[in-house]
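Geometric and topological summary
So you can see what is in the structure, the chains are spelled out below.
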Amino acid sequence: MSPQALFNLPTRWLYAHCCVRTASSRRNLVYCVDSASCLCFLTMIFQQVCIWFFCLFCLGVQGGTSCDFNDELYAGDLAKSNKFYGRWYLIMQASSTKAGLEKIRKLDNAIYTLIKRDDLKMFAKGDVRAANADACIHNEWMFHVNSATKHMMRDDIVHREYRVYSPDCKNCMILRETQKTGKRVFDRILLYARKVIVCSTVRDDFRTRANCWNMNEIFVLPQKLAFCA
């Protein structure tokens with residue numbers, strides 16, 4: 001029997017074949033120990049390695065699927081749609097660094113209102129309440145759509161990029177802020193919703209996304225005080 005044919009045989013049959021060959025004669029005994037038994041052993045090792053590689057492949061496919069988010073929305077399309085505008089409650093935020101959550105940790109709640117200016121520009125108004133203050137903080141920003149990247153950019157911070165994602169929630173959106181240059185370098189995502197409270201599945205989806213993007217620092221706004229608007 002050729003070595004190539006021997007590799008195609010089941011492991012149990014190989015064991016039986018080696019034992020029979022060993023009991024026949026001294027010459028066959030030497031052949032079996034030196035050749036067939038060695039080949040049997042290598043075949044079993046080869047089969048086990050194949051099984052382990054198959055298991056690792058399956059685990060890799062499952063891991064890749066759970067982090068495969070195909071729900072990014074281009075800002076140019078959002079700017080033209082009225083569904084994107086109006087009031088949004090900030091629910092929670094995740095960041096790749098603790099410094100990325102430095103400002104939001106000081107807040108109790110926050111409301112942001114998006115107002116359309118034209119097809120490529122939008123106005124954002126923020127009404128936030130600090131955790132240890134009675135007064136409200138009001139901010140305003142102007143955004144435009146970058147014609148090259150199709151992402152949103154703030155007029156006053158040109159090196160910060162914004163991407164919008166639509167999670168499995170009808171009245172939710174996730175905003176990703178990335179700043180790769182300047183004094184503050186960070187990568188963070190923010191969960192917004194039309195309502196103050198979101199279900200646990202939406203929070204779990206947000207945490208899963210944050211973990212996939214290596215954003216291990218997570219903060220949920222307490223929302224214990226009255227909203228400013």
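Calculation notes
Residues numbered from 1 in each chain as written. Predicted model: local features only at pLDDT ≥ 70, side-chain atom pairs only at ≥ 80, totals over all residues. Heavy atoms only, no water. Helix = DSSP H or I, 4+ residues; strand = E, 2+ residues; numbered from the N terminus. Buried < 20%, exposed > 50% of the residue type's maximum accessible area, 1.4 Å probe, protein only. Contact = heavy atoms within 4.5 Å. Areas by Shrake-Rupley, 256 points an atom, 1.4 Å probe, with all protein chains shown as cover. Disulfide = S-S within 2.5 Å. Phe/Tyr/Trp six-rings, centres within 6.5 Å; stacked < 30°, edge-to-face > 60°. Lys NZ or Arg CZ within 6 Å of the ring centre and 35° of its normal. Core = buried A, V, L, I, M, F, W, Y, C linked by side-chain atoms within 4.5 Å. 1 Å grid on protein atoms, 1.4 Å probe; cavity = no way out; pocket = protein on both sides within 12 Å on 5 of 7 lines; lining within 4 Å. Points joined across faces, edges and corners; volume = space filled by probe spheres on them.

What to know about the overall build of the protein
- From N to C terminus, the protein includes five helices and ten strands.
- Buried residues in the protein amount to 37% of all 229 residues.
- If you take every contact in the protein between residues at least 6 apart in sequence, the share linking residues at least 24 apart comes to 55%.
- When the accessible area of the protein is evaluated, it comes to approximately 14100 Å², of which 57% is carbon and sulfur surface.

Here's the deal with the environment of valine 185
- Residue position: valine 185 is located in the loop between strand 8 (172-179) and strand 9 (186-193).
- Residue classification places valine 185 among the partly exposed positions, given a relative accessible area of 48%.
- Between the alpha carbons of valine 185 and glycine 100 there is a distance of 8.1 Å; along the sequence they are 85 residues apart.
- Ignoring sequence-local partners within four residues, the contact set of valine 185 consists of Thr97, Gln179 and Lys180.

Side note on the state of the cysteines
- Following the criterion strictly, the structure yields three disulfides and no others.
- Through a disulfide, cysteine 136 is tied to cysteine 228; the S-S separation comes to 2.1 Å. Of note, the bridge from cysteine 136 to cysteine 228 carries an S-S torsion of about -95° and is left-handed in sense. Residue cysteine 136 is located in strand 5 (residues 136-145), and its partner cysteine 228 is located in the segment after strand 10 (217-220); the two are separated by 92 residues in the primary sequence.
- Judged by relative accessible area, cysteine 228 falls into the buried class, the value being 19%.
- Disulfide pairing places cysteine 169 opposite cysteine 172 at an S-S distance of 2.1 Å. Judged by the sign of its S-S torsion, about 40°, the bond between cysteine 169 and cysteine 172 is right-handed.
- Cysteine cysteine 199 is unpaired, with the sulfur of cysteine 169 as its nearest cysteine sulfur at 6.1 Å.

Quick look at the environment of aspartate 77
- Relative to the elements of secondary structure, aspartate 77 occurs in helix 4 (residues 75-79).
- Residue aspartate 77 is classed as exposed on the basis of its relative accessible area of 53%.
- Taking the C-alpha atoms as reference points, aspartate 77 and lysine 150, separated by 73 residues in sequence, lie 8.9 Å from one another.

Re the packing of aromatic side chains
- What the rule picks out here adds up to six aromatic pairs.
- Both rings, one in tyrosine 112 and one in tryptophan 141, keep their centres 6.0 Å apart while their planes meet at 35°; by these two values the pair is tilted. Of this pair, tyrosine 112 sits in strand 3 (residues 107-118) while tryptophan 141 is found in strand 5, placing the two residues 29 residues apart along the sequence. Each of the two residues, tyrosine 112 as well as tryptophan 141, counts as buried.
- Through successive ring pairs, a cluster of aromatic residues spans Tyr112, Trp141 and Tyr192.
- Across from the ring centre of phenylalanine 186, 4.0 Å away, lies the NZ or CZ of arginine 188, which sits over that ring.

What to know about the nonpolar core
- Grouped together as the largest cluster of nonpolar side chains are 28 residues, with contacts concentrated most on Phe84, Leu90, Met152 and Tyr192.
- At the level of secondary structure, the elements contributing two or more residues to this core comprise helix 4, strand 2 (86-95), strand 3, strand 4 (121-130), strand 5, strand 7 (157-165), strand 8 and strand 9.
- With four residues, the top contributor of residues to this core is strand 3.
- Those residues in contact with methionine 152 that sit more than four places away from it in its chain are Ala75, Phe84, Met122, His144, Arg160, Glu161, Tyr162, Val164 and Leu175.
- Formed by 19 residues, the second largest nonpolar core is a distinct cluster that contains Ile91, Ile174, Leu191 and Ala193.

Description of the layout of surface pockets
- Taken as a whole, the largest pocket holds about 690 Å³ of empty space.
- Along the walls of the largest pocket sit 30 residues, with Tyr112, Trp141, Arg154, Glu177 and Arg188 positioned nearest its centre.
- Contributions of two or more residues to the lining of the largest pocket are made by strand 2, strand 3, strand 4, strand 5, strand 6 (152-154), strand 7, strand 8 and strand 9.
- Computed from the structure, the second largest pocket encloses a volume of approximately 250 Å³.
- Along the wall of the second largest pocket there are 15 residues; nearest its centre are Leu73, Lys83, Trp88, Lys170 and Cys172.

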